[in-house]
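Structural features, examined
Here's the letter readout for the chains.
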Amino acid sequence: MLIRVIYVSTSAGPQTSTMTHSILKTAQAWNKANDITGVLCQGPGVFLQALEGERGSVTRLYSRIYADQRHTDVKLIHCESIDRRRYEKWSMAHVSLQELDPGKKIEWPEFDPYSASGQLVMARIDELLASGTVIQSPDS
Ligand SMILES: Cc1cc2nc3c(=O)[nH]c(=O)nc-3n(C[C@H](O)[C@H](O)[C@H](O)COP(=O)(O)O)c2cc1C
């Protein structure tokens, strides 16, 4: 049984490139070994992450991420059973919202993942991926 979850959280400290690199390095290795795919979006002070895979693996990973002290106020905003993955190309894609083109920032002035519905958040993530703002290249 495959599931997809999406959560939002607030960075506990400055989002340095060292921290981002460390998270992605762990994520890409563990996720690949455990057949997890997904995307990590990083905005000013905020993380937004989609994880998909076997129900047991996603639950185990989510509980570890939840306990990670590099972020706080972790809120689950979406959880569903799925027939197929959306982010199958990436063990963990990375999208930096800081590097969004100005058009998107204007288009989404009031986007607040803490109050948006899971469907809206997922649609936004898909737009980000489609607009080519992904930093991480797909797994080979
Ligand atoms: C925002 C954020 C996203 C993360 N995403 C993942 C991930 O996708 N996969 C992963 O293995 N670890 C991820 N981590 C790291 C885990 O929280 C944790 O540090 C790592 O799995 C090691 O767990 P352990 O310290 O219990 O051994 C993430 C951490 C943060 C702060």
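Glancing now at the overall build of the chain. Counting its regular elements, the chain contains 4 helices and 5 strands. Residue burial in the chain is summarised as follows: out of 140 residues, 27% are buried. The contacts in the chain between residues at least 6 apart in sequence include a share of 82% that link residues at least 24 apart.

Looking at the chain, the pLDDT average stands at 87 and 84% of residues meet or exceed 70. Ranking the elements of the chain by mean pLDDT puts helix 3 (residues 102–107) last, at 55, and helix 2 (residues 55–66) first, at 98.

On to the environment of Leu24, then. The residue Leu24 is located in helix 1 (residues 17–33) in this model. Separated by 69 residues in sequence, Leu24 and Ala93 place their C-alpha atoms 8.6 Å apart.

So, on to the site of the ligand. Taken together, 15 residues sit near the ligand, with Ala27, Trp30, Phe47, Ile65 and Asp68 positioned nearest. When residues of the shell around the ligand are traced back to their parent elements, those giving at least two are helix 1, strand 3 (46–54) and helix 2. When residues of the shell around the ligand are assigned to their parent elements, the largest contribution, 5 residues, is made by helix 1. Class assignment of the residues belonging to the shell around the ligand gives a composition of 8 nonpolar, 4 polar and 3 charged.

Strand order in this open sheet of 5 strands is 4-1-3-2-5, and the pairing throughout is mixed. Of all strands in the sheet, those with a lone pairing partner are strand 4 (71–82) and strand 5 (93–96), marking the two edges. Sheet twist, expressed as the mean angle between neighbouring strand axes with direction ignored, is 15 degrees. Bridge analysis of strand 2 (residues 37–43) against strand 3 gives 7 bridges, and the strand direction is antiparallel. Pairing of Gly38 across the sheet is with Leu51, part of strand 3. On the sheet, helix 2 packs against strand 1 (2–11), strand 3 and strand 4 and is oriented at approximately 155 degrees with respect to strand 3.

Counting 24 residues, the largest nonpolar core has Ile6, Val39, Leu40, Cys41, Ala50, Ala93 and Ile125 as its most contacted members. When residues of this core are traced back to their parent elements, those giving at least two are strand 1, helix 1, strand 2, strand 3, strand 5 and helix 4 (118–130). Not counting chain neighbours up to four residues away, the residues in contact with Cys41 comprise Leu48, Val95, Leu97, Ile125 and Leu128.

Cut-offs and rules
- Residues numbered from 1 in each chain as written.
- Predicted model: local features only at pLDDT ≥ 70, side-chain atom pairs only at ≥ 80, totals over all residues.
- Helix = DSSP H or I, 4+ residues; strand = E, 2+ residues; numbered from the N terminus.
- Buried ≥ 20, exposed ≤ 12 C-beta atoms within 10 Å, placed from the backbone.
- Contact = placed C-beta atoms within 7 Å.
- pLDDT = per-residue confidence, 0-100.
- Near = placed C-beta within 6 Å.
- Nonpolar A, V, L, I, M, F, W, Y, C, P; charged D, E, K, R; others polar.
- Pairing = 2+ DSSP bridges.
- Axes fitted to C-alpha atoms, helices over the stretch in contact; angles between N-to-C directions.
- Core = buried A, V, L, I, M, F, W, Y, C linked by C-beta atoms within 7 Å.

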